[in-house]
Amino acid sequence: MKLNIAVIKGDGIGPEIVTEAMKVLDGVAEKFGHEIEYTQLLMGGASIDVHGVPLTDETIEKAKAADAVLMGSIGGDTNTSPWYKLEPSLRPEAGLLKIRKALNLFANVRPALLYEDLADACPLKKEVAEQGFDMVIMRELTGGLYFGKRNTTVIDGVKTAVDTLEYNENEIRRIAIKAFDIAMKRRKSVISVDKANVLDSSRLWREVVNEVAKDYPEVKLSHMLVDNCAMQLVKDPSQFDVVLTENMFGDILSDEASMITGSIGMLSSASLNETKFGLYEPSHGSAPDIAGLGIANPIATILSAAMMLRFTFDLDEEADAIENSIKKVLKDGYRTGDLYSEGMKKVNCSEMGDLILANI
Ligand code: NAD
C-alpha cells in the first residue's frame, strides 16, 4: 500500500519525537511491504519563524492532499518565547485551531490505557489499578457549548452571561458513526454519555445515537449520565471501551481519563473528519523545558502513528505490531526519564525509538 503522510514536526520536543515515530513507521513499512511518502510541513512557531504566521493556506492545501497528518506538538514557553508577544491570532496555537477547522476535524479520539508495567503510575487504589483499563474517549470537537452563540449583557442593571449548547441531528449522527466504527475495531461496546435527565440537546443526542446503533447490531450500546460517568471513571474504569460524548463533557472526561493513566508521555490522540483522513498527535504539549535534550518520551507520538495505521489506512496488523512492541519494551524494563523508577533501564528518546523498532 502507498501511504501519503504529511508530517508537522512542530516545536520544542516535536522534531525529536516525530523523528522516532517516522523511524518506527519506516520499519513497519519495510516489514509489511508498504511505501511511505512524507511531505514535511511547517506549523506553529516553526512556521512563524519562516512565514510570519503559524499556518499558511498553502500548508493547509498540502495537508488536505495527504491521506493523514502526523504531528508533534507546537508552541513554546509561554512566558519567555517571542511568539507569545504576537497578537493571539498569530501565536503558535492559532495554527492548531485553524487546521482543525480547515480539515473539518469534528471527532477527537483519546485513548486511555493503563499498561500493566506502568500500573504503579496510576493514582487509583491498587485493587482498581490491578484490573487495568483500555478505553477511548470519543469527543465531539466542533459543536456544542464552545461554538454556540454567547453574550454578556446587563439586564435590569444585573450583568448576565449566556452560552448556548446547540447540536443538530447531523452533527450527532456523524460522530456516533465514528464511535461505532471504532468500537467494531475494539471490544464492541459503546457507552454514550449525556445529561438526558436535564438537557434537550442530550435527549436528541440519545435519540440519534440509538438510531445509529441499529446499523451496528454487534455493538453493545448503553447510556450513562455524565455525573455518573465522572464517578465510574475512577471507581471502575475497566468497564469502558468506547465512550462517546459531546464537546464539553468530552473535554472534562478525557482529561480525567488521561490523569488516571498517570503518564503524560504515553497519551496519543487523533482528530478525524467524515472521510478516512485524520490528524494524529500526542496529547501532551511541546515540553519546552526539555526540548533539545533528547530525553523526551516518544511513545505517545509512536502510538498516534499506530492509530493512523489503524483508522486511516485500516492496517490493523501493522498497528498491533507497534502497540505490542511498546508493551514488550516496557515489560523489558526500558523507561525514558519521565517514567523512570529505580531498578528500570533508563533510555533516551532515540534509544526508545530504536528499541520499539527492534521489537516490531
Ligand atoms: P506540556 O505537555 O508541553 O508539558 C508539561 C510537562 O510534561 C513538562 O514538564 C514536560 O517536560 C512534560 N512532558 C510533556 N510531554 C513529555 C514527553 N513526551 N516526555 C517527557 N516529558 C514530557 O505542557 P505545557 O508545558 O503546559 O505546554 C508547553 C507548550 O506546549 C505551550 O506552548 C502549550 O501551548 C503547548 N501545547 C501544545 C499542544 C499541542 O500541540 N496540541 C498541546 C498542549 C500544549
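Check the entry above for the structure.
This is a predicted model, so every value here is computed, not measured. All residue numbers refer to positions counted from 1 along the written sequence of the respective chain. Local features in this predicted model are restricted to residues of pLDDT 70 or higher, and side-chain atom pairs are both shown and tallied only at a pLDDT of 80 or more, whereas totals for entire chains, interfaces and linings draw on every residue. Each side-chain value is derived from all of the structure's non-hydrogen atoms; neither hydrogens nor water enter the calculation.

1. Focus on the pattern of salt bridges
A side chain of one charge can pair with a side chain of the opposite charge when the charged atoms of the two come close.
Alright, step 1. One speaks of a salt bridge when a side-chain nitrogen belonging to Lys or Arg is within 4 Å of a carboxyl oxygen belonging to Asp or Glu. Under the defined criterion, the tally for this structure stands at 27 salt bridges.
Alright, step 2. One salt bridge connects D316 with R310, and the closest N-O pair in it is separated by 3.6 Å.
Alright, step 3. Among the charged side chains, a salt-bridge network with shared partners connects K185, K276, R310, D314, D316, D320 and E323.

2. Some remarks on helix 6 (residues 169–184)
Alright, step 1. Segments assigned H or I by DSSP are reported as helices when at least four residues long, segments assigned E as strands when at least two residues long, and all are numbered from the N terminus. Given a helix with a known number of residues, its expected span is that number minus one, times 1.5 Å. Given a rise of 1.5 Å per residue, 16 residues ought to cover 22 Å, and the 22 Å separating the end C-alpha atoms of helix 6 matches this to within 8%.
Alright, step 2. Taken together, the buried positions of helix 6 are occupied by E171, I172, R174, I175, A176, K178, A179, F180, I182 and A183.
Alright, step 3. Within 3.5 Å is the distance limit for a polar contact, defined as a pair of N or O atoms, with the added protein rule that one can donate a hydrogen and the other accept it, and that residues adjacent in sequence qualify only through two side-chain atoms. A side-chain oxygen of the first residue of helix 6 lies 2.9 Å from the backbone nitrogen of N170; this N-cap is N168. With a 1.4 Å probe rolled over the protein chains alone, any residue whose accessible area is under 20% of its type maximum counts as buried; one over 50% counts as exposed, and the rest are partly exposed.

3. Considerations on unusual backbone geometry
Alright, step 1. The backbone phi angle of K188 is positive, close to 60°, even though this residue is not glycine.
Alright, step 2. Tracing the backbone shows K188 in the loop between helix 6 and strand 8 (189–194).
Alright, step 3. What makes K188 partly exposed here is its relative accessible area of 27%.
Alright, step 4. Here the phi dihedral of D314 falls at roughly 55°; this positive angle occurs in a residue that is not glycine.
Alright, step 5. Topologically, D314 is positioned in the loop between helix 10 (299–311) and helix 11 (316–331).

4. Focus: the packing of aromatic side chains
Alright, step 1. Ring pairs are drawn from Phe, Tyr and Trp, using the six-membered ring of Trp, whenever the two centres fall within 6.5 Å, and their geometry is named by plane angle: stacked under 30 degrees, edge-to-face over 60, tilted for the rest. If you walk through the whole model with that rule in mind, you get two aromatic pairs.
Alright, step 2. Between Y167 and W205, the aromatic rings sit 5.6 Å apart at their centres with planes inclined by 70°, giving edge-to-face as the arrangement. In this pair, Y167 is assigned in the loop between strand 7 (158–163) and helix 6 and W205 in helix 7 (residues 200–213), connecting sequence segments 38 residues apart.
Alright, step 3. Owing to a relative accessible area of 8%, Y167 belongs among the buried residues under this scheme.
Alright, step 4. With a relative accessible area of 2%, W205 lands in the buried category.
Alright, step 5. Two conditions define a charge located above a ring, namely a distance within 6 Å from the ring centre to NZ of Lys or CZ of Arg, and an angle within 35 degrees of the ring normal. Taking the ring centre of Y334 as reference, the NZ or CZ of K345 above it sits at 4.6 Å.

5. Considering the environment of K9
Alright, step 1. Tracing the chain through its elements places K9 in strand 1 (residues 2–10).
Alright, step 2. A C-alpha to C-alpha distance of 32 Å links K9 and G132, two positions 123 residues apart in sequence.
Alright, step 3. Ignoring sequence-local partners within four residues, the contact set of K9 consists of G14, P15, V18, T19, M22, Q40, L41, G72 and S73.
Alright, step 4. A polar atom in the side chain of K9 sits 3.4 Å from the side chain of T19. Contact definition: two residues touch when any of their heavy atoms are within 4.5 Å.

6. Considerations on the side chain of E171
Alright, step 1. With respect to the helices and strands, the residue E171 is situated in helix 6.
Alright, step 2. For the buried residue E171, which engages in no salt bridge, the nearest side chain bearing the opposite charge is R174, 4.9 Å off.
Alright, step 3. With near-sequence residues (within four places) excluded, E171 lies in contact with G143 and E166. None of His or the chain ends enter the tally, which takes Lys and Arg as positive and Asp and Glu as negative.

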